[in-house]
Amino acid sequence: MKRPHALPAYTAMALAVLFPVYWIPTLLTGESSLMEAYRADVMRLSAMDLLFVLIGAMEIYVYLGLRRVLEDRLHGGLPATLLLLMAIVVGVFHATVLFDVVLNVGPTLAQPLQERLVWASAAVTIGGLFVYSVLGVVLSIALLVKAAELPALLKVFAGLLVLACLLQLTVVLGLFNVVLFPVILLVLAVFFMRGGHEVEVV
């Protein structure tokens with residue numbers, strides 16, 4: 001494994017473990033609705049918020065690592081641009097932790113203001129997930145269109161990514177991504193471990 005690809009590989013493997021560690025307990029809170037669960041999460045600040053920031057930083061790093069590989073293989077183009085945009089959206093999505101900080105650190109805010117901040121955080125979260133999903137679908141299609149130029153693992157990545165993004169767009173079925181997304185990360189980890197290339201036998 002080439003050194004430039006080693007860290008993205010290990011990061012993808014670690015993220016595959018940490019992703020469900022964060023999201024499973026976050027989603028299984030016992031609240032009556034997703035919005036109530038979201039409100040409860042925003043209204044408290046804990047070590048899980050640090051984990052949320054960490055997995056966001058790791059995901060950005062993995063996407064930028066893949067972007068570098070695609071720039072070498074495809075000389076830039078649409079896939080590299082889409083990965084950069086996805087990294088930016090992930091950054092914005094995970095920056096919603098700032099709402100948690102504002103609501104939990106410093107003077108207690110008036111109840112109406114608290115509610116507005118919770119809804120603003122929810123809006124950024126939902127918008128981020130929607131934009132990410134659309135970008136992911138377009139990226140998958142762009143990669144599959146160039147399938148002849150790509151190794152098998154990237155084709156598998158593209159196929160799984162489009163499935164994950166379509167599930168996310170349904171919102172409810174997006175819960176399955178707690179399992180599917182780590183699989184996608186492991187595929188990327190193996191791809192990176194092979195040095196960002198693969199010899200295919202025809």
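Calculation notes
- Residues numbered from 1 in each chain as written.
- Predicted model: local features only at pLDDT ≥ 70, side-chain atom pairs only at ≥ 80, totals over all residues.
- Heavy atoms only, no water.
- Core = buried A, V, L, I, M, F, W, Y, C linked by side-chain atoms within 4.5 Å.
- Buried < 20%, exposed > 50% of the residue type's maximum accessible area, 1.4 Å probe, protein only.
- Helix = DSSP H or I, 4+ residues; strand = E, 2+ residues; numbered from the N terminus.
- Contact = heavy atoms within 4.5 Å.
- Salt bridge = Lys/Arg side-chain N within 4 Å of Asp/Glu carboxyl O.

Draft legend 1. Examining the nonpolar core more closely. Grouped together as the largest cluster of nonpolar side chains are 51 residues, with contacts concentrated most on Leu-66, Tyr-132 and Phe-157. At the level of elements, α1 (3–27), α3 (47–74), α4 (77–94), α6 (111–145), α7 (152–169) and α8 (177–193) are the ones that each hand at least two residues to this core. If near-sequence neighbours (up to four positions away) are discounted, Tyr-132 is found in contact with Glu-59, Tyr-63, Met-86, Val-89, Val-90, Leu-161, Cys-165 and Phe-181. Tyr-38, Val-42, Val-118 and Ala-122 belong to the second-largest nonpolar core, a separate cluster that totals six residues.

Draft legend 2. Examining the pattern of salt bridges more closely. Applying the stated criterion across every chain, the model contains three salt bridges. Where Arg-39 meets Glu-115, a salt bridge forms, and the shortest distance between an N and an O atom there is 3.1 Å. Residue Arg-39 is located in helix α2 (residues 34–42), and its partner Glu-115 is located in helix α6; the two are separated by 76 residues in the primary sequence. The shortest N-O distance in the salt bridge between Glu-71 and Arg-67 comes to 3.4 Å. Here the residue Glu-71 and the residue Arg-67 both occupy positions in helix α3, the gap between them amounting to four residues, near one helical turn. Exposure remark for Glu-71: the relative accessible area of 30% places this residue in the partly exposed category. A relative accessible area of 22% means that Arg-67 is categorised as partly exposed. Via salt bridges that share partners, Glu-36, Arg-39 and Glu-115 belong to a single interconnected network.

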